[in-house]
Amino acid sequence: MSRFFSPKYKNLKAYVPGEQPKDMKYIKLNTNESPFPPPQSVRDAIKDAADLLELYPDPTLSLLRAAASRIYDVAEDEVIFSNGSDEVLDYAFAAFCDENTPAVFPDISYGFYPVFANVNCVPSRVIPLKDDFTIDITEYFDAKGTIFIANPNAPTGIALPVADIEKILDANRDNVVVIDEAYVDFGAESAVPLIKKYDNLLVVQTVSKSRSMAGARLGFAFGCRELIRDLDTVRNSRNPYNVNRLTMAAGIASFEAETERMLSCLKIVSNREYTEKALSELGFEMTDSSANFIFVRHPKVSGEKLYLELRKCGILVRHFSVPRISDYNRITIGDMDQMKCLVDACREIIAEETK
Ligand SMILES: *Cc1c(COP(=O)(O)O)cnc(C)c1O
């Protein structure tokens, strides 16, 4: 730290993304990327957009908002785009939290929420999940802060029914409720239609997972037009060109390729079911995942040991050293070949460790 770093950041601990090592070729099951490339139409759109790189992109992103409005059945001023959904989440912490309005979120959830609270200098109130890692919705009633809930949750994959989200919304008419739907396309129900009914609801989505575009950095959020306007004020005060020309073109093409997205999600769900069954047969226990990852532990092998042994086999998964979940690993669902390699490696590791 230099002597010039603001004291307000003295205790700031930055978010640590999943590793992207270069020492060898790994089967990457650690950052919830898609194993499938985006549709050809997306790649073609980026090539075409590259012809105009000398010009700034449209700061109002009007074509992108029009495309999203068609697909998600919202008005064009009920959606905002960002450089990955991480950016719009950051804007929400900036816009809807302050010293008297803490950020309220579960203890086991997306690791970026506490970091966004810290970097925006707002307090947080952390609510533990129940022993089975589900959310006790009554703990969020009258939260006296801005609620952030990932649905499905990460890293557990557990989904909250939209009926429960609606109960939280009803019990928080004077608080903003942010539902982070990064994984919703893999089997949970979306809360987007509820933005018409609740002026306190913001729903965040991303092209990083179900649309195979983690490298493009594009996220978006839906809410009533006043909420979206607030976020847009923050965006225009920080970085009005937050979505570049290539990414905007890729986003429009992706919204025009709904069939491909659905087929790719169906493949992931079917590979998830295969992997859950195969790992259960090896004695693994897991949460009920509605996401493109599973959250597993083995009664005989520690989470860290499994992580390290899989790494030696060239397979990367995500292990969190947080005490409450240190027995677990989060494993991204890849293609069938990758899942078969994973299951074979797990079988050998379990046999070795339990003999
Ligand atoms: C991956 C993820 C995001 C953000 O992804 P971006 O790549 O920034 O769009 C947001 N929330 C959760 C829970 C995630 O897992």
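In the block above lies the structure referred to throughout.
Figured I'd write up the structure that's included with this text.

Definitions and cut-offs
- One numbering rule holds for all chains: residues counted from 1, following each sequence as written.
- Thresholds applied to this predicted model are a pLDDT of at least 70 for local features of residues and 80 or more for the giving and counting of side-chain atom pairs; totals over whole chains, interfaces and linings are not thresholded and use all residues.
- Hydrogens and water are ignored here; the side-chain numbers use all heavy atoms of the structure.
- Think of it in three bands: with a 1.4 Å probe and only protein chains considered, a residue is buried below 20% of the maximum accessible area for its type, exposed above 50%, and partly exposed in between.
- Secondary structure elements follow DSSP: runs of H or I no shorter than four residues count as helices, runs of E no shorter than two count as strands, and numbering proceeds from the N terminus.
- At least two DSSP bridges between two strands are required for those strands to pair.
- Nonpolar cores are built from buried Ala, Val, Leu, Ile, Met, Phe, Trp, Tyr and Cys residues. Side-chain atoms within 4.5 Å join them into one set.
- A contact between two residues is defined here by any heavy atoms of the two lying within 4.5 Å.
- A pairing counts as a salt bridge when a side-chain nitrogen of Lys or Arg comes within 4 Å of a carboxyl oxygen of Asp or Glu.
- As a rule, the C-alpha atoms of each element are fitted with a line to give its axis, helices using only the stretch in contact, and angles between N-to-C directions run from 0 to 180 degrees.
- Oblique is the label for any angle not covered by the other classes, which are roughly parallel (under 35 degrees), roughly antiparallel (over 145) and roughly perpendicular (65 to 115).
- Left-handed describes a crossing in which the near helix is turned anticlockwise from the far one by less than a right angle; the clockwise case is right-handed.
- Throughout this entry, Asp, Glu, Lys and Arg are counted as charged residues, while Ala, Val, Leu, Ile, Met, Phe, Trp, Tyr, Cys and Pro are counted as nonpolar. The remaining residues, Gly among them, count as polar.
- Near residues are defined by distance, with any heavy atom within 4 Å of the molecule or strand qualifying the residue.
- In protein, a polar contact means a hydrogen-donor-capable atom and an acceptor-capable atom, both N or O and within 3.5 Å, with residues adjacent in sequence counting only if both atoms are side-chain atoms; elsewhere, any N or O pair within 3.5 Å suffices.
- Residue exposure ignores everything except the shown protein chains as possible cover, and the areas themselves are Shrake-Rupley values with a 1.4 Å probe.

Moving on: the pairing of strand E7 (residues 201–206). Within E7, six of the six residues are buried, which leaves it mostly tucked inside the rest of the structure. Of the two faces of E7, the one lined by Leu201, Val203 and Gln205 and the one lined by Leu202, Val204 and Thr206 are each fully buried. Inspection of the sheet shows strand E6 (residues 177–180) paired to E7 by four bridges, in the parallel sense. Pairing of Val177 across the sheet is with Leu201, part of E7. In this sheet, strand E8 (residues 219–223) lies alongside E7 in antiparallel orientation, the contact comprising five bridges. Pairing of Leu202 across the sheet is with Gly223, part of E8.

Once that is clear, we can look at the nonpolar core. In terms of nonpolar packing, the biggest core is built from 54 residues, with Leu64, Phe81 and Leu201 touching the most fellow members. If one sorts the elements of this core by residue count, helix H7 (residues 245–255) sits on top with six residues. In this structure Leu64 touches Phe81, Leu218, Val243, Met248, Gly251, Ile252 and Phe255, once residues within four positions along its chain are discounted. If you look at the next biggest cluster of nonpolar residues, it comprises 31 residues, including Ala182, Val317, Ala345 and Ile349.

We now examine the pattern of salt bridges. Within this structure, the stated rule accounts for 23 salt bridges. Between Lys196 and Glu78 there is a salt bridge, and its shortest N-O distance comes to 2.8 Å. You can see Lys196 sitting in the loop between E6 and E7 and its partner Glu78 sitting in the loop between helix H2 (62–72) and strand E2 (79–82), a full 118 residues away along the chain. Residue Lys196 is classed as exposed on the basis of its relative accessible area of 52%.

Turning our eyes to something else, we now look at the sheet that holds strand E4 (residues 124–127). Taken together, seven strands build an open sheet; the order of strands is E2-E8-E7-E6-E5-E3-E4 and the sheet is mixed. What marks the edges here is a single partner per strand, and that holds for E2 and E4. Mean inter-strand twist for the sheet, computed between neighbouring axes without regard to direction, equals 20°. Note: strand E3 (residues 103–106) against strand E5 (residues 146–150), two bridges, orientation parallel. Paired with Val104 across the bridge in E5 is Ile147.

Attention now goes to the packing of helix H3 (residues 85–96) against helix H4 (residues 112–119). When two helices pack together, you describe them by how their axes are tilted relative to each other and by the distance separating the axes. At their nearest, the axes of H3 and H4 sit 9 Å apart, and the two run at 50° to each other. In terms of their interaxial angle, H3 and H4 are classed as oblique. Note on packing geometry: the crossing formed by H3 with H4 is right-handed. Contacts between H3 and H4 pair Asp86, Leu89, Asp90 and Phe93 from the former with Phe112, Tyr113, Phe116, Ala117 and Val119 from the latter. Tallied by class, residues from the contact of H3 with H4 come to seven nonpolar, no polar and two charged.

Another aspect to go through is the site of the ligand. Around the ligand sit Gly84, Ser85, Asp86, Tyr110, Asp180, Ala182, Tyr183, Thr206, Ser208, Lys209 and Arg217, and that is every residue in its neighbourhood. A distance of 2.5 Å separates an oxygen atom of the ligand from a polar side-chain atom of Tyr183. Within the side chain of Thr206, an N or O atom sits 2.5 Å from an oxygen atom of the ligand. When the ligand sits alone it has 390 Å² of accessible area, and the protein chains cover 92% of it. The residue makeup of the shell around the ligand, split by class, is three nonpolar, four polar and four charged.

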